[in-house]
Amino acid sequence: MGDPKFSRKKYAKPAHPWQEDRIKEENDYIMHYALKNKKEYWKARSVLKNIRAQARNLQARLRYGEKQATEEMEKLLDRLTKKGYLKGQEHELNDVLSLSIENILNRRLQTLVYHKGLAHTPRQARQFIIHGHISVDGRKVTVPGYVVDKEEEPTIGYYSNSPISDELHPERPEEEVTPTHISDMIKKEKEKNFRNRR
């Protein structure tokens, strides 16, 4: 079981530390989602890996006609739908296996605050959350990696006691941000960095 004073890691590091393609991919996601470090990316990867492992295990058990597996499959699909990882109502295990790392990272509070237009950039969204300017369902949340349930998503807003809750505050964006694909965002960031160097 281990010592209760020392919590276990919630993520797994890459097996090989020096892989150019993997490192580039990690850096691209960190830049796009304004993650603090690679640990946050590895946590999301581990969540995705565990979800896929459950789906593959259930698929194998369903082939043998196990009744308990059917019940567990329904609970898994229901849980992933409530979390917002799966869109719509009708799902099957193949939908779970087709989930990507973006489906996981897009459910973080930091990403949703940016997409709802409460911050100018993902980095500013992180700053607002850490400084206690954002609330979920009326309660202040200061964890950028908080996974927002589908039901909680409409309740994301500025914390009532925050100075940013004032509509005339200069840091408030004027309109909602349209989510972009990571490749588009990376391209824009590179173009911006190139112009700044000149």
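Note that the structure is a prediction, hence the values are computed from the model and not measured.

Basis of the calculations
- Residues numbered from 1 in each chain as written.
- Predicted model: local features only at pLDDT ≥ 70, side-chain atom pairs only at ≥ 80, totals over all residues.
- Heavy atoms only, no water.
- Helix = DSSP H or I, 4+ residues; strand = E, 2+ residues; numbered from the N terminus.
- Contact = heavy atoms within 4.5 Å.
- Polar contact = N/O pair within 3.5 Å; in protein donor to acceptor, adjacent residues only side chain to side chain.
- Salt bridge = Lys/Arg side-chain N within 4 Å of Asp/Glu carboxyl O.
- Buried < 20%, exposed > 50% of the residue type's maximum accessible area, 1.4 Å probe, protein only.
- Pairing = 2+ DSSP bridges.

**So, the environment of His169**
Move 1: Of note, His169 is situated in the loop between β3 (156-158) and α8 (182-197).
Move 2: Not counting the four nearest positions on each side in its chain, His169 is found in contact with Pro163 and Ile164.
Move 3: Here the side chain of His169 touches Glu171 through a polar contact of 3.1 Å, landing on its backbone nitrogen.

**Some words on the pattern of salt bridges**
Move 1: Across all of its chains, the model carries 13 salt bridges by this definition.
Move 2: Between Arg45 and Glu25 there is a salt bridge, with its nearest N and O atoms 2.9 Å apart. Of this pair, Arg45 sits in helix α2 (residues 38-63) while Glu25 sits in helix α1 (residues 20-33), placing them 20 residues apart in sequence.
Move 3: On the basis of relative accessible area, Arg45 is assigned to the partly exposed category, the value being 30%.
Move 4: Residues joined by salt bridges that share partners form a network here, namely Arg22, Glu26 and Lys38.

**Side note on helix α7 (residues 122-130)**
Move 1: For α7, every residue scored as buried is listed here: Pro122, Gln124, Ala125, Arg126, Phe128 and Ile129.
Move 2: In this structure, the buried side of α7 is in contact with α1, α2, α6 (109-115), β1 (134-136) and β3.
Move 3: Downstream of α7 by a residue or two, Gly132 has a phi angle that is positive, lying close to 80°.

**Some details on the sheet that holds β1**
Move 1: Strand order across the open sheet formed by three strands is β2-β1-β3, with antiparallel pairing between neighbours. On the outer flanks of this sheet lie β2 (139-140) and β3, each paired with one strand and no other.
Move 2: As paired strands, β1 and β3 are joined by three bridges and run antiparallel to one another. Residue pairing across strands places Ser135 opposite Gly157, the latter belonging to β3.

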